[in-house]
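Now for the letters of each chain:
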Amino acid sequence: MPATASLEIPLEVLHATRMRPQELVAELAVVLYEQGKLSLGKARELSGMTVWSFQQMLGLRGIPVHYGVEEYEQDLETLAELDRA
């Protein structure tokens, strides 16, 4: 099982954003992907969304999918890890 980290979000922040925790995490995933800090696969994983739903969210926001060799290799590693689990 992969290691995880917890992030505490003050209730006031959730109320201010009018979002559920999972929606806020999805927003974080989109921003980190857009900034190039996460690959498409890792951002989608963080978002908890399907590949299709995450790519659709990016498309609706006009965020291009940047999927290169490095992202492809990371996704292959992730698939291999999932296959071993």
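Each remark here, short or long, concerns the structure printed above.
Here's what I pulled together on the structure shown here. Just so it is clear, the model here is predicted, and its values are computed rather than measured.

1. Some remarks on the packing of helix 2 (residues 21-34) against helix 3 (residues 40-47)
Moving on, step 1. Remark: helix 2 packs on helix 3, axes separated minimally by 8 Å, with the N-to-C direction vectors making an angle of 170°. Taken together, helix 2 and helix 3 sit at an angle that is classed as roughly antiparallel. Listed contacts from helix 3 to Gln 22, Val 25, Ala 26, Leu 28, Ala 29, Leu 32 and Tyr 33 of helix 2 are Leu 40, Ala 43, Leu 46 and Ser 47.

2. Section: the pattern of salt bridges
Moving on, step 1. Taken as a whole and judged by the stated rule, the model has 3 salt bridges.
Moving on, step 2. A salt bridge links Glu 27 to Arg 61; the shortest N-O distance between them is 2.5 Å. Of this pair, Glu 27 sits in helix 2 while Arg 61 sits in the loop between helix 4 (51-60) and helix 5 (69-84), placing them 34 residues apart in sequence.
Moving on, step 3. Using a relative accessible area of 23% as the deciding quantity, one classes Glu 27 as partly exposed.
Moving on, step 4. Overall, the relative accessible area of 41% leaves Arg 61 in the partly exposed class.

3. Considerations on the nonpolar core
Moving on, step 1. Ala 26, Ala 29, Val 30, Tyr 33, Leu 40, Ala 43, Met 49, Phe 54, Met 57, Leu 58 and Ile 63 form the largest nonpolar core, which has 11 residues in total.
Moving on, step 2. If you list the elements that add at least two residues to this core, you get helix 2, helix 3 and helix 4.
Moving on, step 3. Take this core: its biggest share by element is 4 residues, from helix 2.
Moving on, step 4. Setting aside residues no more than four positions away along its own chain, Met 49 makes contact with Ala 26, Arg 44, Phe 54 and Met 57.

4. With respect to unusual backbone geometry
Moving on, step 1. One non-glycine residue, Arg 18, lies in the positive phi region at around 55°.
Moving on, step 2. Along the chain, Arg 18 falls in the loop between helix 1 (11-17) and helix 2.
Moving on, step 3. What makes Arg 18 exposed here is its relative accessible area of 76%.

5. Notes on the side chain of Thr 78
Moving on, step 1. Note on placement: Thr 78 falls in helix 5.
Moving on, step 2. When neighbours within four sequence positions are excluded, Thr 78 is seen to be in contact with Lys 42 and Glu 45.

6. Examining the side chain of Ser 47
Moving on, step 1. Within the secondary structure layout, Ser 47 lies in helix 3.
Moving on, step 2. Beyond its immediate chain neighbours, meaning those up to four positions away, Ser 47 contacts Gln 22, Ala 26, Ala 29 and Phe 54.

7. Quick look at the packing of helix 2 against helix 4
When two helices pack together, their arrangement is given by the angle between their axes and by how far apart the axes lie.
Moving on, step 1. In contact at an axis separation of 11 Å, helix 2 and helix 4 are set at 65° when each is read in the N-to-C sense. Judged by the inter-axis angle, helix 2 sits roughly perpendicular to helix 4. Of the two elements, helix 2 crosses helix 4, and the hand of that crossing is right-handed. Note on element contacts: helix 4 touches helix 2 through Phe 54, Met 57 and Leu 58, opposite Ala 26, Glu 27, Ala 29, Val 30 and Tyr 33.
Moving on, step 2. Here the residues of the contact of helix 2 with helix 4 are counted per class, giving 7 nonpolar, no polar and 1 charged.

Rules used throughout
Residues numbered from 1 in each chain as written. Predicted model: local features only at pLDDT ≥ 70, side-chain atom pairs only at ≥ 80, totals over all residues. Heavy atoms only, no water. Axes fitted to C-alpha atoms, helices over the stretch in contact; angles between N-to-C directions. Helix = DSSP H or I, 4+ residues; strand = E, 2+ residues; numbered from the N terminus. Parallel < 35°, antiparallel > 145°, perpendicular 65-115°, else oblique. Contact = heavy atoms within 4.5 Å. Salt bridge = Lys/Arg side-chain N within 4 Å of Asp/Glu carboxyl O. Buried < 20%, exposed > 50% of the residue type's maximum accessible area, 1.4 Å probe, protein only. Core = buried A, V, L, I, M, F, W, Y, C linked by side-chain atoms within 4.5 Å. Left-handed = near helix turned anticlockwise from the far one by under 90°. Nonpolar A, V, L, I, M, F, W, Y, C, P; charged D, E, K, R; others polar.

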